[in-house]
Structures are given as structure tokens and as C-alpha cells.
Amino acid sequence: MKIGLVTDSLDRLSLDTLLTTAAGLSLDCLEFGTGCWSGAPHLAIGELLGSEPLRRNFTARIEEHGLEISALNCSGNPLHPGPSGEEHARITRWTIDLAALLGVRRVVMMSGCPGGPGDLHPNWVTVAWPPETTRILEWQWNESVLPYWRELAPYARARGIDLCLELHGHQNVYNVETFFRLREAIGDVVGVNLDPSHLMWMGADPIAAVEALGEFIYHVHAKDTRTNPELLPVNGLVQTRPAADHARRSWNYVTLGHGRQSAFWGEFCSALSRSGYNDVLSIEHEDVDQPPLDGVTESVELLRSLIATT
């Protein structure tokens, strides 16, 4: 397998410093954020779309460091009922266009989450009671999610792009079951960007998810989750405290190996190999307790040791 990096993990570095750092860590791939919830610190999507010389220069700088682009990432909410939904939908299409121009076949994104009828904000429905929750959920799928994806999927397919969905909270596609609901309606242009840390805090088993998804895993993020043994039994996994208040949360995103031990990550890599996935593991650092470069370096070391024995 290859080791990659979500470049937003080191968002304070300039592009040149990022590339030098990635080469120094002997990384294989980079996954660039293009906008939406990313500040896109390492590329200006509008400028790259409008200039072939700028695109050539961008890819040349990456290749000079012995790196390649594993994916472009436009994670956001293109189904938001407010103005940001239109912006995210626009950036999503731009990202698909840019990926095609750069020769990158994968775009990482999220399914989106609309509101209910007349809502101003998204509504992530996670329970089946009271009865209106089910009616809202079906309205979302039938009136927003499926119509949007039935337009986006052919757009991506025509450009040779695979759309890799994160199974993420506050999205209509957030677990294996909801992924298959979308894929069965849309087709094979839609696969999964599997981030095990999200499955962990939702109470799922990432290895069981790998086995269930199999060939539909198109891209993988490498990120860990640690649960708080004192707070979790009291408050459960449903968590609304902000990430900065990590000491009082039931769970937090952490550097690889700081939540699950290395044995788990070895089995995770083995499960991916058994499923037929032997591609990039893209490190995403969101550990508020550890400096980003330290966390990325530690994650690289762990993955490298596992890949050598898998």
C-alpha cells in the first residue's frame, strides 16, 4: 500500500514547504483540499481551472518531489438549504473538472444533508421517533439527495472521475447501509472514502465495514478515535461539545495508535488487502492535543511498520 496525506493536515505550511516535508517523510501521495469546508491553502481552484500553464507548473512541482496526487477533496454540504449549499455544489463541480484536467481520477466528498421542507439549516435525522422524523428523512432522500446525485453522477462519469464518499456524521450517507442506498440508485461512479475514525465514534466496527464494502472502497483515510473511559459510560457517543473542549468529550479524533493499538491497525490493513484494496492510506491529522507535524510523522511511522508486515 501507499502512504499519503490530506494536505489540510499541514495547512499552515506553504505549498513548497509542504512538498519538501512530504518528500522528507517519504510519502507517496497527497490529497489536496479544493474548497467547501477546506480553506484550500495549497491551491487556488479558479486559477488552476483557468490556466493550463499553472496546472503544468503545479503538477511538475509535485512530481519533482517524487509525489503524486491521490485525490482532490471538496468535502462540504452541497445540499445545504442556504447560500453555502449553492457554493459547495459549484466547488464540487469545479473540483471534478480540475481532477479531470490534472489526470486525477478520484474526488473525495460527502453526500450532503438538506433540511426538511422549509428548513433554513440541515437536519441530520438519526432516530425514527417521533413519526415526523421518518417523514422528513424520506423527503430528504426523494426530494433532495437522489435528484442531486442523479445529476452529479453523470457529470463525473463523463469526465472519468470516481466520487469517493466519506461516511460522515451530519450527512445522509454516513454508514454502510446508507451508502448502498445511494449507490443502488446512482451506480458505480459512487464509492467510499473509508475513514475508520468516523465509524468508531458512531459505534461501528471499521473492519466489519471493510468486509461489507469490499470492492466499493475507492479511497481510504487514516485517522483514529479515542474514547474517554470515564465520560463514555455516562454520556454515550452522542457528542455536541466542540473539539476544542476535548477534555470533556466522550470521544476525540487522535493520531494513529492513540486510540486503537497498532494490532488493530494491522488487522485493518489486512482487511483492506483481503477486500482487494491495495492503494493509498491518506493520513488526516485532526488531533488537537498534538502538533500537526508530530502527529503526521508518528502516523507515517506506524503505517510504514504495518505495511512492511502486511
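Data block above holds the structure.
In short, a report on the structure. Per chain, residue numbering runs from 1 following the sequence as it is written. Two thresholds apply to this predicted model, a pLDDT of at least 70 for residue-level local features and 80 or more for giving and counting side-chain atom pairs, whereas whole-chain, interface and lining totals are computed over all residues. The side-chain values count all of the structure's non-hydrogen atoms but skip hydrogen atoms and water molecules.

Section: the layout of surface pockets
Then, number 1: Using a grid of 1 Å spacing that covers the protein atoms alone, one calls a set of points a cavity when a 1.4 Å probe fits there but cannot get out, and a pocket when the set is open and has protein on both sides within 12 Å along at least five of seven lines; lining residues are those with an atom within 4 Å of a point. Grid points are joined across faces, edges and corners, and a volume is the space filled by probe spheres set on the points. If you add up the space inside the largest pocket, you get close to 1200 Å³.
Then, number 2: In terms of lining, the largest pocket is formed by 44 residues, of which the most central are His168, His198, Lys223, Tyr253 and Glu286.
Then, number 3: Where helices and strands are cited, they refer to DSSP runs of H or I of at least four residues and of E of at least two residues respectively, numbered from the N terminus. For the lining of the largest pocket, the elements supplying multiple residues, two or more each, are helix H7 (196-201) and strand S9 (251-254).
Then, number 4: Polar here means any residue outside two lists: the nonpolar Ala, Val, Leu, Ile, Met, Phe, Trp, Tyr, Cys and Pro, and the charged Asp, Glu, Lys and Arg; Gly therefore counts as polar. Classifying every residue of the lining of the largest pocket gives 20 nonpolar, 16 polar and eight charged.

Quick notes on the pattern of salt bridges
Then, number 1: Only one rule defines a salt bridge in this text: a Lys or Arg side-chain nitrogen within 4 Å of an Asp or Glu carboxyl oxygen. All told, the structure shown has 15 salt bridges when counted by the stated rule.
Then, number 2: The partner of Asp97 in a salt bridge is Arg159, and the shortest N-O contact between them spans 3.0 Å. With Asp97 in helix H4 (residues 83-102) and Arg159 in the loop between helix H5 (132-158) and strand S5 (162-166), the pair connects residues that are 62 residues apart, well separated along the chain.
Then, number 3: Taking the shortest distance from any N to any O, the salt bridge between Glu286 and Lys223 comes out at 3.1 Å. Of the two residues, Glu286 is situated in the loop between strand S10 (280-283) and helix H11 (292-309) and Lys223 in the loop between strand S7 (217-222) and strand S8 (224-227); the sequence distance between them amounts to 63 residues.
Then, number 4: Exposure classes here rest on a 1.4 Å probe applied to the protein chains alone. A residue is buried below 20% of its type maximum, exposed above 50%, and partly exposed in between. On the basis of relative accessible area, Glu286 is assigned to the partly exposed category, the value being 34%.

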